Every structure is written in structure tokens, then in C-alpha cells.
Amino acid sequence: GKAIDIYTRLAERNPEADENGLPVSYMELGGLCESTQRYGEAEEAYGKAIDIFARLVEKNPEVYEPCLAMCRSDLSNTRGKIQRAEKADEEFNFF
């Protein structure tokens, strides 16, 4: 998306100033994808956010660890929905 493209450019130019915008955008994208049942895309977006937040935690754990925890929780919820959807599909597969 456009926001992710902008934050990527900003982070490349000045990583110290714009570190938080990119992973937050990925986290928000994950939420949007999850709400529209695009679980694979949500999982990918959350994964990117987690990778960035994990790196940021090394620099400033007090600020970024809560963000990392929230994103991991969101990813876990998404994976739970995927599992339930697959199990529901199995229940209706009579052939």
C-alpha cells in the first residue's frame, strides 16, 4: 500500500527518525486483511511487523516490546482463525 511505500522510503532515508511507522503500517495492514478474511496476507503482514519490532526491541525494549507483544497476539489470533476455518471445512467434506 501507499503508506507502507512511504514509510519504507522514510525508514531507508532516516531509520532512526521513522522506525515506528513501517511496522505499525504492517500491523494495521494485517488487521485489515484479517477483517476481510484474507488470512494469508494478514499472516504475512504481521510477520513483517514482528521482524521489524523484534529488531527495534533490541534498541529500546521499553518502547517496542509492548508493540511486539501485541503484534504476536494478533498473529496468533489470525492463525487460530485459519485453523478453525480449515476444521470447519473438513466437517462439511463428505467425499
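Quick summary incoming for the structure in this document. Given the structure is predicted, the values throughout are model-derived calculations rather than measurements.

### What about the overall build of the protein?
The number of helices and strands found in the protein is four helices and zero strands. Reading the protein from its N end, one meets helices and strands in the order α-α-α-α. The buried share among the 95 residues of the protein stands at 31%. Surface summary for the protein: the accessible area is close to 6,500 Å², and the carbon and sulfur share equals 51%.

### With respect to the packing of aromatic side chains
Tallied over the entire structure, the rule returns one aromatic pair. A centroid spacing of 6.5 Å and a plane angle of 35° characterise the contact between F53 and Y64, whose relative ring orientation is tilted. Of the two residues, F53 sits in helix α3 (residues 39-59) while Y64 sits in helix α4 (residues 61-91), which places them eleven residues apart along the sequence. You'll find F53 and Y64 in the same group, each marked buried.

### Overview of the pattern of salt bridges
Taken as a whole and judged by the stated rule, the model has four salt bridges. Put simply, E41 and R38 hold a salt bridge, and the shortest N to O gap is 3.3 Å. The class of E41 is partly exposed, set by a relative accessible area of 44%. Looking at R38, the relative accessible area reads 34%, which means it is partly exposed. The residue R79 makes a salt bridge to E43 at a minimum N-O spacing of 2.6 Å. Remark: E43 occurs in helix α3 and R79 occurs in helix α4; sequence separation between them is 36 residues. Overall, the relative accessible area of 46% leaves R79 in the partly exposed class.

### Details of the nonpolar core
Of all hydrophobic cores here, the largest spans 17 residues; its most connected members are Y26, M27, Y46, A49, F53 and C71. Put simply, the parts of the chain that give this core at least two residues each are α2 (21-35), α3 and α4.

### Topic: the side chain of S25
Along the chain, S25 turns up in helix α2. Ignoring anything within four residues of it in the chain, the contact list for S25 reads A3, I4 and Y7.

Cut-offs and rules
- Residues numbered from 1 in each chain as written.
- Predicted model: local features only at pLDDT ≥ 70, side-chain atom pairs only at ≥ 80, totals over all residues.
- Heavy atoms only, no water.
- Helix = DSSP H or I, 4+ residues; strand = E, 2+ residues; numbered from the N terminus.
- Buried < 20%, exposed > 50% of the residue type's maximum accessible area, 1.4 Å probe, protein only.
- Areas by Shrake-Rupley, 256 points an atom, 1.4 Å probe, with all protein chains shown as cover.
- Phe/Tyr/Trp six-rings, centres within 6.5 Å; stacked < 30°, edge-to-face > 60°.
- Salt bridge = Lys/Arg side-chain N within 4 Å of Asp/Glu carboxyl O.
- Core = buried A, V, L, I, M, F, W, Y, C linked by side-chain atoms within 4.5 Å.
- Contact = heavy atoms within 4.5 Å.

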